[in-house]
Protein chains: 2
Amino acid sequence: MGTTEVDTRERIVAATSALFMQQGYSATGLKAIAKAGRATTGSLYHFFPGGKAELAAATLRHSGRGYEELVMSVIDGAPDVVTGLRACFAAAADLLRATDYVDACPIATVALEVASSDEPLRQVIDEVFRSWLDAAARRLAADGVPEERAQELAIVFVAALEGGFLLSRVARDASAMESVGRAVVAAVEDALAEARRGS
Amino acid sequence: MGTTEVDTRERIVAATSALFMQQGYSATGLKAIAKAGRATTGSLYHFFPGGKAELAAATLRHSGRGYEELVMSVIDGAPDVVTGLRACFAAAADLLRATDYVDACPIATVALEVASSDEPLRQVIDEVFRSWLDAAARRLAADGVPEERAQELAIVFVAALEGGFLLSRVARDASAMESVGRAVVAAVEDALAEARRGS
DNA sequence: GTCTATAGCTTGATAGAC
DNA sequence: GTCTATCAAGCTATAGAC
């Protein structure tokens with residue numbers, strides 16, 4: 001188990017993730033992936049014998065886990081969820097501006113492409129989103145949001161992020177991300193106030 | 001100006017719109033479009049000499065306008081914006097369920113695909129979204145939401161719709177659309193209450 | 001306006017040397 | 001594990017008959 005094979009595999013997955021984010025699944029050819037990952041067709045099929053489908057599944061799982069860890073670490077780095085969520089939307093807006101509106105959700109583009117046309121990949125993405133929603137709901141509940149409200153607000157949070165990415169990227173203006181962020185923060189603050197009143 | 005040419009052109013655009021919604025821009029070939037629209041390559045290039053790019057631009061403009069009219073007619077069919085927005089999210093959830101989670105936003109998939117890789121199409125979609133946001137903001141303002149809040153809530157509304165479509169399609173469960181709908185309705189109700197208090 | 005045929009290129013995938 | 005060469009099938013776009 002040398003280091004070479006691991007590095008190549010990781011380069012391929014990283015390159016695939018970046019290309020998926022930029023142009024989606026169908027527009028990304030294996031040749032472009034191999035070139036960006038400094039690998040060859042041979043290496044690619046060595047690590048992913050199932051071809052493009054297997055590589056896509058591995059990439060979506062990998063970048064899905066990575067994005068969840070990133071978001072949760074931003075939220076956990078704040079003193080409370082509300083502050084954490086604010087930081088999260090601010091960070092997303094900053095990253096959009098800093099990367100010329102390329103660096104966004106590593107899943108969403110492929111998700112919409114395959115949701116109704118590639119059942120195996122749809123299931124992979126379904127698992128990724130479920131994991132995000134579970135993590136967010138747990139974090140909200142830990143700060144005092146009642147269980148059921150926490151699950152609903154987790155959905156609102158992720159949907160707002162995704163909608164914010166879409167509008168911001170198309171407009172090349174991250175203010176949409178900031179707007180949806182304010183709305184999510186207000187909704188969570190409301191839920192916490194209501195919970196404290198013991199409603 | 002007979003009826004024949006108009007019908008063919010419209011069939012091509014309608015077929016393109018449906019295929020874009022289902023699988024996006026790159027995965028949709030001109031052959032599939034011609035077949036679904038009961039046309040031939042010759043007819044397709046007769047109406048759209050610019051090829052796929054021109055056809056895509058025309059289709060996105062057309063379905064963008066159509067979707068705006070649909071949404072605004074649902075909202076305007078209600079006695080007030082809040083009720084209208086509620087109806088809007090309910091209708092979107094119903095349509096998702098009724099169409100096996102295929103019938104969603106006719107723009108979003110292509111939008112994410114091209115936002116960072118096809119500048120002319122990105123600009124077309126930018127115009128479509130701007131038109132949606134303007135229409136929604138005007139409708140909110142007409143019901144008493146202060147101008148600035150109305151623009152922000154319009155963004156929240158569209159982003160919630162898009163995020164709800166994404167999560168619902170991937171999960172094959174429209175409850176996400178219902179959740180984001182409740183959040184948007186609550187936010188608008190808050191804004192109206194605040195405006196009436198004269199804050 | 002509609003049709004068929006085809007050019008020229010790219011795609012995902014395979015084979016076999018090293 | 002990595003590389004190159006290659007295949008069959010797909011793509012967008014064009015040409016020219018009708």
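Residues numbered from 1 in each chain as written. Chains lettered and ligands numbered in written order. Predicted model: local features only at pLDDT ≥ 70, side-chain atom pairs only at ≥ 80, totals over all residues. Heavy atoms only, no water.

Draft legend 1. Here's a closer look at unusual backbone geometry. Residues and elements named next belong to chain A. In this structure, Tyr101 takes a positive phi of about 65 degrees despite not being glycine. Relative to the elements of secondary structure, Tyr101 occurs in the loop between helix H5 (81–98) and helix H6 (108–114). Overall, the relative accessible area of 10% leaves Tyr101 in the buried class. (Helix = DSSP H or I, 4+ residues; strand = E, 2+ residues; numbered from the N terminus. Buried < 20%, exposed > 50% of the residue type's maximum accessible area, 1.4 Å probe, protein only.)

Draft legend 2. Local environment of the packing of aromatic side chains. Using the criterion set out here, one finds eight aromatic pairs over all chains in the structure. Judged by centre distance (5.7 Å) and plane angle (80 degrees), the rings of Phe89 of chain B and Phe157 of chain B are edge-to-face. Remark: Phe157 of chain B occurs in helix H8 (residues 147–171) and Phe89 of chain B occurs in helix H5 (residues 81–98); sequence separation between them is 68 residues. What links up through ring pairs into an aromatic cluster is the set Tyr67, Phe129 and Trp132 of chain A. Over the face of the ring belonging to Tyr25 of chain B we find Lys52 of chain B, whose NZ or CZ atom lies 4.4 Å from the ring centre. (Phe/Tyr/Trp six-rings, centres within 6.5 Å; stacked < 30°, edge-to-face > 60°. Lys NZ or Arg CZ within 6 Å of the ring centre and 35° of its normal.)

Draft legend 3. Region of interest: the relation of the copies chain B and chain A. Mapping chain B onto chain A calls for a rotation angle of 180 degrees and an axial translation of 0.0 Å; the resulting RMSD is 0.0 Å. These values place the two chain copies in the arrangement generated by a two-fold rotation axis. If distances are taken from each C-alpha of chain B to the rotation axis, the shortest is found for Gly163 of chain B, at 2.4 Å. A shared interface surface links the copies, since 100% of the contact residues of chain B are contact residues in chain A too. (Least-squares fit on C-alpha atoms with pLDDT ≥ 70 in both. Contact = heavy atoms within 4.5 Å.)

Draft legend 4. Quick look at the environment of Val81 of chain A. All names here are of chain A. With respect to the secondary-structure elements, Val81 resides in helix H5. In this structure Val81 comes out as buried when scored by relative accessible area, which is 2%. Along the chain, Val81 and Asp143 lie 62 residues apart, while their C-alpha atoms are 6.6 Å from each other. Sequence-distant contacts of Val81, defined by excluding residues within four places in its chain, comprise Ile75, Arg139, Leu140 and Asp143.

Draft legend 5. View of the state of the cysteines. Residue and element names in this part refer to chain A. Following the criterion strictly, the structure yields zero disulfides over all chains and no others. Considering cysteine sulfurs only, Cys88 is the nearest to Cys105, which forms no disulfide, with 12 Å between them. For Cys105, a relative accessible area of 4% corresponds to the buried category. (Disulfide = S-S within 2.5 Å.)

Draft legend 6. Fine view of the side chain of Thr109 of chain B. Structurally, Thr109 of chain B is set in helix H6 (residues 108–114). We classify Thr109 of chain B as buried; its relative accessible area is 2%.

Draft legend 7. Quick peek at the confidence of the model for chain A. Counting all residues, the mean pLDDT for chain A is 96, and 97% of those residues have values of 70 or more. When mean pLDDT is compared element by element in chain A, helix H8 (residues 147–171) of chain A scores highest at 99, while helix H1 (residues 4–23) of chain A scores lowest at 92. (pLDDT = per-residue confidence, 0-100.)

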